[in-house]
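# Residue-level structural notes
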Amino acid sequence: MLEIIKEPWPWYVAGPLIGLTVPALLIIGNKSFGISSSLRHICAACIPANVNFFKYNWKKEAWNLFFVLGIFFGGLITSQFLVNPNEITVNPNLKAELAGYGITNYSNLVPEQLMNFESLLTLRGFIMMVVGGFLVGFGTRYAGGCTSGHAIMGLSNLQWPSLVATVCFMIGGFLMANLILPIILSL
């Protein structure tokens, strides 16, 4: 059983399991699925500032914090006990392209040449980690939710704003991966 859990699950298993969270949340407690809103709940609970955005009853959404806490601890457990000892499988064409940028270590999900404290002090690392993190946070706030909230929950509820947001996420991801990322990696 442990070997089955360690292997990547095919899309036809993982996709429906993720998709079933939507009706489960709606049936169990009329709750919406989304991760980015948990940051607002944490800030509302922990920051005693007099900010209107954080003035609401965050305790009604405490289930969301437990959900995110479960994701966090699930990640910790996985990283300690369910690690695949093999090198991450990467398409040979992508490997050749990334080697041109000095990225050759595939022992982790994210190459160490990109994400580490030493890289943070370089222009490339600063842009990828700090500027990228800011843009993801800004985009999430601007779109009124993240990909899980819009693409999983919003689309399943046939919400027009979620369709627009998801299309924009996809276009942004395509532009980033194909046009902007090669420029950043060449720095």
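Residues numbered from 1 in each chain as written. Predicted model: local features only at pLDDT ≥ 70, side-chain atom pairs only at ≥ 80, totals over all residues. Heavy atoms only, no water.

## What to know about the packing of aromatic side chains
One pass over the structure, following the stated rule, counts six aromatic pairs. The interplanar angle of 70° and the centroid separation of 5.4 Å between the aromatic rings of F72 and F73 together place this pair among those described as edge-to-face. Judged by relative accessible area, which is 49%, F72 ranks as partly exposed. Pairwise contacts between aromatic rings join F134, F138 and Y142 into one cluster. The ring of F53 carries the charged tip of R40 above its face, separated from the ring centre by 4.1 Å. One residue, R40, lies across the ring of Y56, its end atom 4.1 Å from the ring centre. (Phe/Tyr/Trp six-rings, centres within 6.5 Å; stacked < 30°, edge-to-face > 60°. Buried < 20%, exposed > 50% of the residue type's maximum accessible area, 1.4 Å probe, protein only. Lys NZ or Arg CZ within 6 Å of the ring centre and 35° of its normal.)

## Here we look at unusual backbone geometry
Although it is not a glycine, N30 adopts a positive phi angle of roughly 55°. Looking at the element boundaries, N30 is found in the loop between α3 (21–29) and α4 (37–46). Under the relative-accessibility criterion, N30 is labelled exposed at 63%. The backbone of L158 shows a phi angle near 60°, a positive value even though the residue is not glycine. You can see L158 is positioned in the loop between α9 (147–156) and α10 (160–185). (Helix = DSSP H or I, 4+ residues; strand = E, 2+ residues; numbered from the N terminus.)

## Quick word on the layout of surface pockets
Of the voids in this model, the largest pocket is the one considered here, and its volume is about 840 Å³. Residue lining of the largest pocket: 27 residues in total, with L135, V136, G172, G173 and M176 positioned closest to the centre. Those elements that provide at least two residues to the lining of the largest pocket are α8 (123–143) and α10. No other element matches the eleven residues that α8 contributes to the lining of the largest pocket. Residues that form the lining of the largest pocket fall into these classes: 20 nonpolar, seven polar and no charged. (1 Å grid on protein atoms, 1.4 Å probe; cavity = no way out; pocket = protein on both sides within 12 Å on 5 of 7 lines; lining within 4 Å. Points joined across faces, edges and corners; volume = space filled by probe spheres on them. Nonpolar A, V, L, I, M, F, W, Y, C, P; charged D, E, K, R; others polar.)

## Things to note about the packing of α9 against α10
It is at 9 Å that the axes of α9 and α10 come closest, and there the two elements cross at 135°. Between α9 and α10, the crossing angle belongs to the class labelled oblique. When you trace α9 past α10, the crossing you get is left-handed. Counting all contacts with α9, which are made through T147, H150, A151, G154 and L155, the residues of α10 involved are P161, S162, L163, A165, T166 and F169. Considered class by class, the residues forming the contact of α9 with α10 number six nonpolar, five polar and no charged. (Axes fitted to C-alpha atoms, helices over the stretch in contact; angles between N-to-C directions. Parallel < 35°, antiparallel > 145°, perpendicular 65-115°, else oblique. Left-handed = near helix turned anticlockwise from the far one by under 90°. Contact = heavy atoms within 4.5 Å.)

## Quick notes on the UniProt feature "transmembrane region" (unreviewed entry) in the chain
Following the UniProt record, one finds the feature "transmembrane region" (unreviewed entry) at residues 12–30, 62–83, 121–143 and 163–185. Secondary structure within residues 62–83 divides into 91% helix and 0% strand; the distance between the first and last C-alpha atoms comes to 30 Å. (UniProt positions renumbered as here; feature names shortened; annotations may be inferred.)

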